[in-house]
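Observations on chain architecture
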Amino acid sequence: MKKILSSFALATLLTMSQSYAQENKVTPEIAELIKKHNLEQVEFDYVQKKVGIGFRGDAQAILIDARPALKYEKGTIPSSLNITDSSFENDYKQIMNISKDKELIVFCAGFNCEKSPIVAQMLKKNGHKNVKVYSAGEPEWASKSYLEIGTNVVKVYQENNSALLVDTRPQIKYFQETIPGSLSIPDTNLDKLIGRLPIDKNEKIVTFCAGYTCEKSNIVANKLYSEGYKNVSVYAAGLPAWKEAGLGTTANAKVKTEAKEKKQFTPNGAKLGEDEGSIDGEWLKAQILENKVPEYIQIVNVLSAKDFKKGHIKGSINIEADKLTAKELFEKLPKGKTIVFNCSAGARSIEAWSKLKKEKVDISDILYFDANITCEGEKCKIEVNEPLGV
């Protein structure tokens, strides 16, 4: 006699199988954290259903991006809030008044990123009862859907004319005021006006409207992605955030066109990257792989001693930045060298640099290496992350 499983039993088995699949992709250390804190893992399809069209007012769960603010602004899952472990107390204010039963889904930089289980546990300690972890995180989402980006990224795109900005508000609003250089394609006329978009579906397109209370930009971004435009992102903060940042609009005609001469090298001669505080990733990667890192550069691995022992860049030293104040960290750094922070995915190194910047210490010769780095002993695989304007 055949037994028929109830819908509840099927759902339970599906959740268990998804969780198992996720657990077998994360590192042993992260798997241990997930098990220790009894965290449920979810996959892309589950998260996508909860996110909906990506509009904050429509999402069924609150997405929490546990990566540093610079990573969050560069590209996150639509509707996400940014809450990191290093500035949890301040970041948590965004959700401190929501119901403790509200579903929260935490993610970070993929299967080798420990920030999501750490932040998830911190949320549980604050009384939240429905916290899940999306271990595949931003890397998987970016390969399957569109991202949400911040004001600084849009500013770079606009200044470099490296993306098509699409204003999805009604045309009357567009004529009143918009971001200079943007194209008017209201969501209500998308089918009629879609022919105005580039023929090349690899072109970078950024949709925006009237801020987080406006879903029009998400509607258009979803439609464009489904039509084959895979390089689409949404500027959910929209025109209000653009104006709040003091950036020019067609109404005030104060577009800043002056080009400031940008420094290319540190005082010691290290090549600077496009993003503030970064070293040129490809330049440093070449020096490392050719075993020609200049003597004036000291690479500082900011991870734990345990992680450092597993593998690290040749010649690097270990200072666990998370456990130190800005003053303590600065005092431990070798003097007279160009300091380059590194970690496994760029997040911790950015946080170490940001910690020093926030306390206004001299960071003129202190940089971070934004790259995904996997080492066995001193043999390392390095994948450089793209800067904001790329």
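On a predicted model such as this, the values are computed, not experimentally measured, just so you know. (Residues numbered from 1 in each chain as written. Predicted model: local features only at pLDDT ≥ 70, side-chain atom pairs only at ≥ 80, totals over all residues. Heavy atoms only, no water.)

**Details of the sheet that holds strand β12 (residues 317-318)**
Spatial strand order, β12-β11-β13-β14: 4 strands in an open sheet with parallel pairing. A strand with exactly one partner marks an edge of an open sheet, and here the two such strands are β12 and β14 (366-368). Sheet topology note: the strand β11 (residues 297-301)/strand β13 (residues 338-342) ladder contains 5 bridges and is parallel. Within β13, the residue paired with I297 across the bridge is T338. (Pairing = 2+ DSSP bridges. Helix = DSSP H or I, 4+ residues; strand = E, 2+ residues; numbered from the N terminus.)

**Considerations on the state of the cysteines**
Formally, a disulfide is one covalent bond, and it connects the sulfur atom of one cysteine to the sulfur atom of another. A complete count under the given rule lists 3 disulfides for this structure. In this model, C209 is linked to C214 through a disulfide, with the two sulfur atoms separated by 2.3 Å. Taking the torsion about the S-S bond as the criterion, the C209 to C214 disulfide, at about -130°, is left-handed. For C214, a relative accessible area of 11% puts it in the buried group. (Disulfide = S-S within 2.5 Å. Buried < 20%, exposed > 50% of the residue type's maximum accessible area, 1.4 Å probe, protein only.)

**Quick notes on unusual backbone geometry**
The phi dihedral of S79 is positive, around 85°, even though this residue is not glycine. Of note, S79 is situated in the loop between α4 (69-74) and β3 (81-82). You can call S79 buried: its relative accessible area is 6%. One non-glycine residue with positive phi stands out, namely N291, at about 55°. Tracing the backbone through its elements, the reader meets N291 in the loop between α13 (281-289) and β11.

Treat this as a map of the structure, not an account of what it does.
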